[in-house]
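Analysis of the macromolecular model
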Amino acid sequence: MKTLHKHETFIYVALWSILFITPVLSMYVGVKSGDVESFRWDEVLHVWQQFAAFLLLFLFHNFVLAPLLVNRQRQGLYFGSVAVMVVLFTLFQCAMRPDDLDFRRNKMEQREHMRQHESMERPADMDRPDDMDSPERHGPPPMQRHAKGRPHHRGPMVLDWHDVFSIIMLILMLGGNLGVKLYFKNRRDQQQLTEMEKQNLEQQLEYLKYQINPHFFMNTLNNIHALVDIDPEKAKDTILELSKMMRFVLYEGNKQGVPLSKEFQFIRNYVTLMSLRYTDKVDIVLDLPTETPDHQLPPLMLITFIENAFKHGISYQHPSFVHVKVTIENAKLHFECSNSKGDSTTSKPGGVGLQNVQKRLNLIYGKSFTLNIKDQADTYDVDLVIPLKMED
């Protein structure tokens, strides 16, 4: 936020600095090119006086009027105040400003007068600067003669082209200032929205992780409980596999991404744990890449689908299968998981685990992933394609 305020202030300072430097540079270039005989600060100061009036109006609009519309949404008060400002500026121009047209005419007459005297032959007694500039010899300068013949101030409510041009420039200046403020206001709003969405995303992901971990361990402990009475030795091996998995969940589960090698090893441990529970009648196939590139994957993203396959895909009355395959190509991970339907007619594949993983996919990848689930009469198929990011 502070950076945007600094950028906005820098734009204003840079533009006004260029505007005030322009008359000086123009005079300097004129002197160098010979169009102007000498550097005349009076003309520069005259231009600066006009710029100063616009600068004061700009500051008043920028810090007082523009916030009424940009921050407080007071459209009526803002446009009414701007209209009053333009009217007062017009009255001031008509009643108080010297006639700039006369000012420029006098300057041109002075320069022409000086050129004529320089081109004339001068007698010897005119070589002295005092004699050359003496008003007794040459008469009063054109500016004084013009001042005597015509007043410098026009009557009120008389507009000339310079007044119209100044009013147009004032309106354009106010519109430009308002456009810049609205642009940076939109940038600040977008930043705030992005930060809020990021915070909301992090909170939702933490909530989903909090739900996934207990859900996963609950199912795993149920499997161990079933093995204790059936095969105590397998139960011991299962506890060892579970300890490895718990280490992964504790140390890697809170990270935004984990290396593919660690995620794949976690999947292998889980499938090994589940294989200890079932006989050879259950066809369990796990096909993971032997070489993993340096990419990362959100932790515990794939295990939910595999867990769901074992939970709902095993039958004790007829042959069952769980097939898992992962391929990596063009920085994309292609995950396929197929399983047969179990004996229970009341249990349905899915539940909290699958709902949470789908929410995680939406939050993390948006529309850059594809998830196709086919719930058929005898099989349940999951096809997931997600982009991978490089390891930090």
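Below is a short write-up of the structure.

A word on the pattern of salt bridges. Taken as a whole and assessed by the stated rule, the structure comprises 7 salt bridges. Across the pair Asp189 and Lys185 runs a salt bridge, and its minimum N-O distance is 2.9 Å. Residue Asp189 and its partner Lys185 are located together in helix 8 (residues 161–230), separated by 4 residues, close to a single helical turn. Of the residues examined, Asp189 reaches a relative accessible area of 33% and is grouped as partly exposed. With a closest N to O distance of 3.7 Å, Glu233 and Lys236 form a salt bridge. Placement of both Glu233 and Lys236 in helix 9 (residues 232–252) is noted, with a separation of 3 residues, approximately one turn of the helix. In the salt-bridge network here, residues are joined through shared partners; they are Glu8, Lys181 and Arg188.

Let us now look at the sheet that holds strand 6 (residues 370–375). The 5 strands lie next to each other as 2-4-5-7-6, forming an open sheet whose pairing is mixed. Strands at the two margins of the open sheet, each flanked by one partner only, are strand 2 (282–287) and strand 6. Neighbouring strand axes in the sheet, compared pairwise and without regard to direction, differ in orientation by 5° on average. Judged from the 6 bridges that link them, strand 6 and strand 7 (residues 379–387) form a sheet pairing that is antiparallel. Opposite Asn372, over in strand 7, you have Asp383 as the bridge partner. Here helix 10 (residues 260–275) sits on the sheet in contact with strand 2, strand 4 (320–329) and strand 5 (332–340), set at roughly 170° to strand 2. Helix 11 (residues 303–313) contacts strand 2, strand 4, strand 5, strand 6 and strand 7 of the sheet and is inclined by roughly 10° relative to strand 5.

The rules behind each value
- Residues numbered from 1 in each chain as written.
- Predicted model: local features only at pLDDT ≥ 70, side-chain atom pairs only at ≥ 80, totals over all residues.
- Heavy atoms only, no water.
- Salt bridge = Lys/Arg side-chain N within 4 Å of Asp/Glu carboxyl O.
- Helix = DSSP H or I, 4+ residues; strand = E, 2+ residues; numbered from the N terminus.
- Buried < 20%, exposed > 50% of the residue type's maximum accessible area, 1.4 Å probe, protein only.
- Pairing = 2+ DSSP bridges.
- Axes fitted to C-alpha atoms, helices over the stretch in contact; angles between N-to-C directions.
- Contact = heavy atoms within 4.5 Å.

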